[in-house]
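Listed here are the chains, written in short residue letters.
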Amino acid sequence: MADTLPGPGPVPEAEAPLDAYSRVVTSVAAALTPRVAALQVPRRGRGGWFSTALGSAVVFTEDGFLLTNAHVVGHADAGTLAFADGTTSPFHTIGADPLSDLAVLRADGPTPSPVTLGEATGLRVGQLVVAVGNPLGLAGSVTAGVVSALGRSIPARSGSAVRVIDNVIQTDAALNPGNSGGALATADGQVVGITTAVAGNGLGLAVPIDATSRRIVAALLADGRIRRAYLGLAGVPAPLPPALRHRTGQPTGLRIVEVVPGAPADRAGLHEGDLLLTAAGEPMGSAQALQHLMLADAIGRPLPLTVLRGEALVDVLAVPAELPADD
């Protein structure tokens, strides 16, 4: 009688976690890869020559709207997208916001069904995440890792305006040029971030899907642009005097280091050296705290500010103006 070979038998207990990890990554990859497009965006360089920028974009509506990074599309009005099944389509740009590094595109042809947008505020450090994009033009590439850190900040610039994108997600999932605009998803396949700047040395970053980014996307869909308010001041965090810190429970304020001549802050009577304590009753311990108030509904509306000037508390009313768009 011929000998029979033993079957594979049960999976050793030590291998079970790895097997479960593989199943999660493969299921997320299968769900998201068809819904993440590779982008080719024409760019005009100096001297009139053209080049092509590569990136990714995520289908997020049934009627063919896609999310990507503003730095991927730049000033381009149109380009080409390709899906993993070989389908290609032209697209046109609905709107881009360099100060959040988000942009909305519209495909001019059929698209797959959309991804499910999740909520980044529930992420935890160490949580498994999967990145899907098109690094170096290689469509449908998948990497996996963990959330390395939360609450990171990166600067963003539009013309002379510089802001900080805060609450950025840091991950060790491998990201390379071309991943920008792709999806960062949790184990259940919900997209919680749009991958952006590649930090290098094994670090990747993603703009979170949260209440702020949803407002930005809604405004881009409705108006094609983001209206922002500005006061025309620059500040750095600085500690409050001990007595005031004890009385208010607020550890820091925003030390004003520059006031733009003729800007709303200048017209309101703010000076370099003032320590901004509150705006609209909210404590101002960082530049980001002030940025959160500088949205469209703040334009032209009096904004009460309290500053410490010397040893005196001074209340002023500033009227934010609209931040000029950079063309």
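Residues numbered from 1 in each chain as written. Predicted model: local features only at pLDDT ≥ 70, side-chain atom pairs only at ≥ 80, totals over all residues. Heavy atoms only, no water.

### Description of the overall build of the protein
Stage number 1. Tallying secondary structure elements over the protein gives 6 helices and 20 strands in all.
Stage number 2. By sequence separation, contacts in the protein at least 24 residues apart represent 59% of the contacts at least 6 residues apart.
Stage number 3. Accessible surface computed for the protein: about 16,200 Å², of which carbon and sulfur atoms make up 56%. (Helix = DSSP H or I, 4+ residues; strand = E, 2+ residues; numbered from the N terminus. Contact = heavy atoms within 4.5 Å. Areas by Shrake-Rupley, 256 points an atom, 1.4 Å probe, with all protein chains shown as cover.)

### Remarks on the environment of H271
Stage number 1. Of note, H271 is situated in the loop between α5 (264-267) and β16 (275-279).
Stage number 2. Distance from H271 to L233, taken between C-alpha atoms, is 9.2 Å for residues 38 residues apart in sequence.
Stage number 3. When residues no more than four places from it in sequence are discounted, the contact partners of H271 are I256, V259 and R309.
Stage number 4. Of the polar contacts made by the side chain of H271, one reaches the backbone oxygen of G269; its length is 3.2 Å. (Polar contact = N/O pair within 3.5 Å; in protein donor to acceptor, adjacent residues only side chain to side chain.)

### Some thoughts on the confidence of the model for the protein
Stage number 1. In this model, the protein carries a mean pLDDT of 87, and residues with pLDDT of at least 70 account for 87%.
Stage number 2. Ranking the elements of the protein by mean pLDDT puts strand β9 (residues 161-171) last, at 77, and strand β3 (residues 65-68) first, at 98.
Stage number 3. Low confidence marks residues 1-9, where pLDDT is under 50. Its contacts with residues over four positions away, or in another chain, come to 0 contacts. (pLDDT = per-residue confidence, 0-100.)

### A word on the pattern of salt bridges
Stage number 1. Per the counting criterion, the structure on display carries 6 salt bridges.
Stage number 2. Here R225 and E322 are joined by a salt bridge, their closest N and O atoms 3.3 Å apart. Here R225, found in the loop between α3 (211-223) and β13 (229-230), pairs with E322, found in strand β20 (residues 321-322); they are 97 residues apart in sequence, far enough to count as distant.
Stage number 3. Ionic pairing is found between E322 and R227, a salt bridge with its closest N-O pair at 3.2 Å. (Salt bridge = Lys/Arg side-chain N within 4 Å of Asp/Glu carboxyl O.)

### Some details on the sheet that holds strand β5 (residues 88-97)
Picture the strands of a sheet paired through backbone hydrogen bonds; they go either parallel or antiparallel.
Stage number 1. Reading around the circumference, β1-β2-β3-β6-β5-β4 is the order of the 6 strands in this closed barrel, with antiparallel pairing throughout. Strand-to-strand, the axes of this sheet are offset by a mean angle of 40 degrees, without reference to chain direction.
Stage number 2. In terms of strand pairing, strand β2 (residues 50-59) meets β3 through 2 bridges, oriented antiparallel. In the sheet register, V58 faces β3, and the bridge partner there is L67. (Pairing = 2+ DSSP bridges. Axes fitted to C-alpha atoms, helices over the stretch in contact; angles between N-to-C directions.)

### Here's the deal with unusual backbone geometry
Stage number 1. A positive phi angle, close to 60 degrees, is found at D101, a residue other than glycine.
Stage number 2. Exposure remark for D101: the relative accessible area of 8% places this residue in the buried category.
Stage number 3. Even without being a glycine, A280 presents a positive backbone phi close to 55 degrees.
Stage number 4. Using a relative accessible area of 41% as the deciding quantity, one classes A280 as partly exposed. (Buried < 20%, exposed > 50% of the residue type's maximum accessible area, 1.4 Å probe, protein only.)

### Some words on the pairing of β2
Stage number 1. Direction of pairing for strand β1 (residues 36-44) relative to β2: antiparallel, over a ladder of 9 bridges. Bridge pairing in β2 links V41 to A53.
Stage number 2. The antiparallel hairpin formed by β2 and β3 contains 5 residues in its connecting segment, where G64 sits at a positive phi of about 90 degrees.

### A short note on α3
Stage number 1. Taking 1.5 Å as the rise per residue, α3 with 13 residues should run 18 Å; its terminal C-alpha atoms sit 18 Å apart, in good agreement.
Stage number 2. Considering only its buried residues, α3 is in contact with β3, β5, β6 (102-107) and β12 (203-208).
Stage number 3. Structurally, the start of α3 carries an N-cap: the backbone nitrogen of T212 is 3.2 Å from a side-chain oxygen of D210.
Stage number 4. Just downstream of α3 lies G224, where phi reads positive at about 80 degrees. (Expected span 1.5 Å × (residues − 1).)

### Considerations on the nonpolar core
Stage number 1. Among the nonpolar cores identified, the biggest contains 23 residues, and L32, L67, V104 and I194 are the most heavily contacted of them.
Stage number 2. Put simply, the parts of the chain that give this core at least two residues each are α1 (16-32), β3, β6, β7 (128-133), β10 (183-185), β11 (191-200) and α3.
Stage number 3. Counting residues in each nonpolar core, the second largest holds 21 residues, with L254, V259, M294 and L305 among its members. (Core = buried A, V, L, I, M, F, W, Y, C linked by side-chain atoms within 4.5 Å.)

### Some points on the side chain of T33
Stage number 1. Looking at the element boundaries, T33 is found in the loop between α1 and β1.
Stage number 2. Relative accessible area serves as the criterion here: at 15%, T33 is assigned to the buried category.
Stage number 3. If we ignore the near neighbours within four places in the chain, the residues touching T33 are A84, V132, G140 and V142.

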